[in-house]
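Architecture and fold: a report
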Amino acid sequence: MLKSRTFLKKTRAGGVMKIVREHYLRDDIGCGASGCAACGGAHEGTVLEPQPLDRVSSVCPQPHYLLPDTNVLLHQIDVLEDPAIRNVIVLQTVLQEVRNRSAPKQKLHCFPALKDLVSVERDHQIFNPRETYVEQLQGETSNDRNDRAIRVAAKWYNEHLKKMSAENQLQVIFITNDRKNKEKAIEEGIPAFTCEEYVKSLTAHPELIDRLACLSEEGNEIESGKIIFSEHLPLSKLQQGIKSGTYLQGTFRASRENYLEATVWVHGDTEVNKEIILQGLKNLNRAIHEDIVAVELLPKNQWVAPSSVVLLDEGQNEDDMEKEEERERILKTAVSEKMLKPTGRVVGIIRRNWRPYCGMLSKSDIKESRRHLFTPAEKRIPRIRIETRQASTLEGQRIIVAIDGWPRNSRYPNGHFVKNLGEVGDKETETEVLLLEHDVPHQPFSQAVLSFLPKMPWHITEKDMKNREDLRHLCVCSVDPPGCTDIDDALHCRELENGNLEVGVHIADVSYFIRPGNALDQESARRGTTVYLCEKRIDMVPELLSSNLCSLRSNVDRLAFSCIWEMNHNAEILKTRFTKSVINSKASLTYAEAQMRIDSAAMNDSITTSLRGLNKLAKILKKRRIENGALTLSSPEVRFHMDSETHDPIDLQTKELRETNSMVEEFMLLANISVAKKIHEEFSEHALLRRHPAPPPSNYEILVKAGKSKNLEIKTDTAKALADSLDRADSPTFPYLNTLLRILATRCMMQAVYFCSGMDTDFHHYGLASPIYTHFTSPIRRYADIIVHRLLAVAVGADCTYPELTDKHKLADLCKNLNFRHKMAQYAQRASVSFHTQLFFKSKGIVSEEAYILFVRKNAIVVLIPKYGLEGTVFFEEKDKPKPRLTYDDEIPSLKIEDTVFHIFDKVKVKIMLDSSNLQHQKIRMSLVEPQIPGISVPTDTSNMDISEPERKKKKLQK
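Residues numbered from 1 in each chain as written. Predicted model: local features only at pLDDT ≥ 70, side-chain atom pairs only at ≥ 80, totals over all residues. Heavy atoms only, no water.

1. Some thoughts on the confidence of the model for the protein
- For the protein, the average pLDDT comes to 84, and 83% of its residues sit at 70 or higher.
- Considering only residues more than four positions removed or in separate chains, one finds that residues 104-108, a stretch of pLDDT under 50, has nine contacts.
- A low-confidence stretch, residues 118-126 (pLDDT under 50), is modelled with 38 contacts involving residues beyond four sequence positions or located in other chains. (pLDDT = per-residue confidence, 0-100. Contact = heavy atoms within 4.5 Å.)

2. Thoughts on the environment of R327
- Of note, R327 is situated in helix α11 (residues 321-331).
- With relative accessibility at 11%, the residue R327 sits in the buried group.
- Note: C-alpha distance between R327 and L260 (67 residues apart in sequence) is 8.6 Å. (Helix = DSSP H or I, 4+ residues; strand = E, 2+ residues; numbered from the N terminus. Buried < 20%, exposed > 50% of the residue type's maximum accessible area, 1.4 Å probe, protein only.)

3. Focus on the pairing of strand β19 (residues 477-480)
- Burial along β19 is two-sided: C477 and V479 facing one way and S478 and D480 facing the other are all buried.
- Sheet analysis places β19 next to strand β26 (residues 587-590), joined by four bridges and oriented parallel. Bridged to D480 within β26 is T590. (Pairing = 2+ DSSP bridges.)

4. Quick notes on the environment of M824
- Tracing the chain through its elements places M824 in helix α25 (residues 808-844).
- By relative accessible area, M824 is classed as buried at 12%.

5. Observations regarding the sheet that holds strand β8 (residues 248-254)
- Overall, antiparallel pairing links the five strands, which are arranged β10-β9-β8-β11-β12 in an open sheet. Edge strands, defined here as strands with exactly one partner in the open sheet, are β10 (275-279) and β12 (344-351). When strand polarity is set aside, the average angle formed by the axes of neighbouring strands in this sheet is 40°.
- Of the pairings in the sheet, the one linking strand β11 (residues 292-297) to β12 comprises six bridges and is antiparallel in character. Paired with A294 across the bridge in β12 is G348.
- Contacting β8, β11 and β12, helix α9 (residues 235-244) runs over the sheet at an angle of about 120° to β12. (Axes fitted to C-alpha atoms, helices over the stretch in contact; angles between N-to-C directions.)

Next up, the structure:
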């Protein structure tokens, strides 16, 4: 049945637009109740149970369903997610309103939860039968119409369910936190309760009360608490102020080292410095990391300099604001006028970007107290005050907490308990924490996604061969790290009859299996990238594709997208062509196996001959690239060797790079550049490209100073000048110097990003010294490559286009998500390495190793230990110990401790141990051994060193 509504709307330009809205009302949607005779067979696949299990409510003892309104779904999703809550009816009206009203970050939390909420396993479902449709009345607001529609649906359900047999009769309870809506529902004979009333009625599940979000201002405020913060201005005043220039809008970024300091990165073009500094609790005014805020600049005589003091929130008494003011005075040290930065204060919040936070409960010292502080794992998030009856159970556990609000008279924001993740230090728990904290989508793929996978057994058909070349006769092989199962790329090299060489890069044809717009495509786009942790891999696409059908394994036919060049023996490209293909890899080799073949005089088979040809050309390509100004940088990467039974790290060493690593890299770079040129020729406005911005000169200051301290001149005018300087920076007496300089140069670089060619003019890739670049060679693990494959397929006539492929605004949004996902994947990977390094040193105990200084600070040195690729900080000021004489020189740079001077790249010896004194933030602790400084250096004998409690107990037992 079709209902339509027509109305006229005035446009911004002053014209009039006629809008027709059509509603299709279906007769085939049933109520969802099992055994409902009135619906007949209209709802096959029913998910609502006739007799809810494990739930007895004191306000409604009979079997019932819950029907929540929009606000309950938006704000009490954590309650509805609990397994104790079953049989929830989510109306399409409510779902649509949630989609429209959620803030971006709220959607990230709310919609995955809603997907789970309406899954078959949870016995929840989305319904909107024809009889529940209501039209908006004249003079009625959209909000009032939606409230009425929800009540109509609740009433319809109760009347409809009365038709069931007496023994199976069910009731629908309306859950709303809107007082007027509840009153109207009761007047209309609908059983209605607030979320809190209903949750408190579930006497068998008292723990559910902890998951209730506290939304009322009264409930949020501390009893008799004095006002600490100034009031946030309303959004209308903020918008007026921003428009007039009185206030500035920007992203609030809290400091990791100092909880009383933050910066606001100002949006848009402005005469003011892009970054404004904020200092002190009152100026931070309840803003939380990543919030979008409005700030007011303070007069110049109140400007401050960024503080070099490290201040951690020790969770002091909320009423002890004098102590806070004393700490704030420490921040204000005498500095020269040129060090002062534009300083401001937060006057209002434009958009909250809160998310659920992982961390630990700091149990109150007051016996029987229900109010406790929660310490987030992310140091930039303030402590959160929650109420829980499970404090004893939750101690020593990693938990998730959500923020509900931050009243003016509270030192901390208020929140509620969401979920217990498990014991702190447990590998699975800590992995879950780092995935959640870095927003890595890692839930199992849904049935909707899996339904788009090919049915097994799968094989290549004649239809698949259309628009494809059969290249199964070529001697193709892959070269990857050991244990790699998601093989994206394979190579071949052979001599042609005319004496030239044919070189092919063959990439897995993932876009054949993932078609635009379906659930599998949408999920791959959302994930953006595969995330590689030390012990596991979070796939971007389901395993059937990533490790099987797409993976270019040896001795099986696989679909590929091939980039094939004809080259002369000087690696100059004579012809380039792209084709969809079918290949059959003749070998899946590791880097070590490929290197052994190249180096072995006894091996001359076709695979080895192909590898030697590739290796020879790769060396020429690399030399030419470097001559053009491409940078060869360095970063200490580590590899863990795991115990086969416990999966604990038993050895840690830096990764060894061979010629074959460079060989594969050269041809992947060449393929990416060739494809970038092709797709930009065909789609000048819609090509997905990757650029690497040149760093600002200020980024290089530390590198130039470090070189100068070793009598080396590092030129940074261009990438070529930098590359040449690094090549010349050699010392026969200090062979590791060049590696250290390249590691430091890496820290100066900007982040490479994806972008749409029609939305930018700067295409240059600084690090590769290439005018154009993209990602084509890893579609199993990067979604950007799938888009590039689709563009290339259209360009060579191997596939058809689709509207979103040539929509540059949608492509720009996609690039924004991909850049975020790639950044988070990198951070998650580093966090995984950090955690496994802690596990390694926990089992190894205290060790002593040689290290090199990377940076000098005012009270510390940052060192790199080459053996482990490990970086750490050696502090020279410790609590409850006499302070040494420290002299810091920023120009050289150097740090004088008593009579010993430390420069960047100096060699030292340090002791390494795991400090477990803080369970929330366990860390690798380093102490200076050599050079020996009385009162600073630790003895070689470790028996008297301050070690963690578990280690102390272990040593006691051994004695």
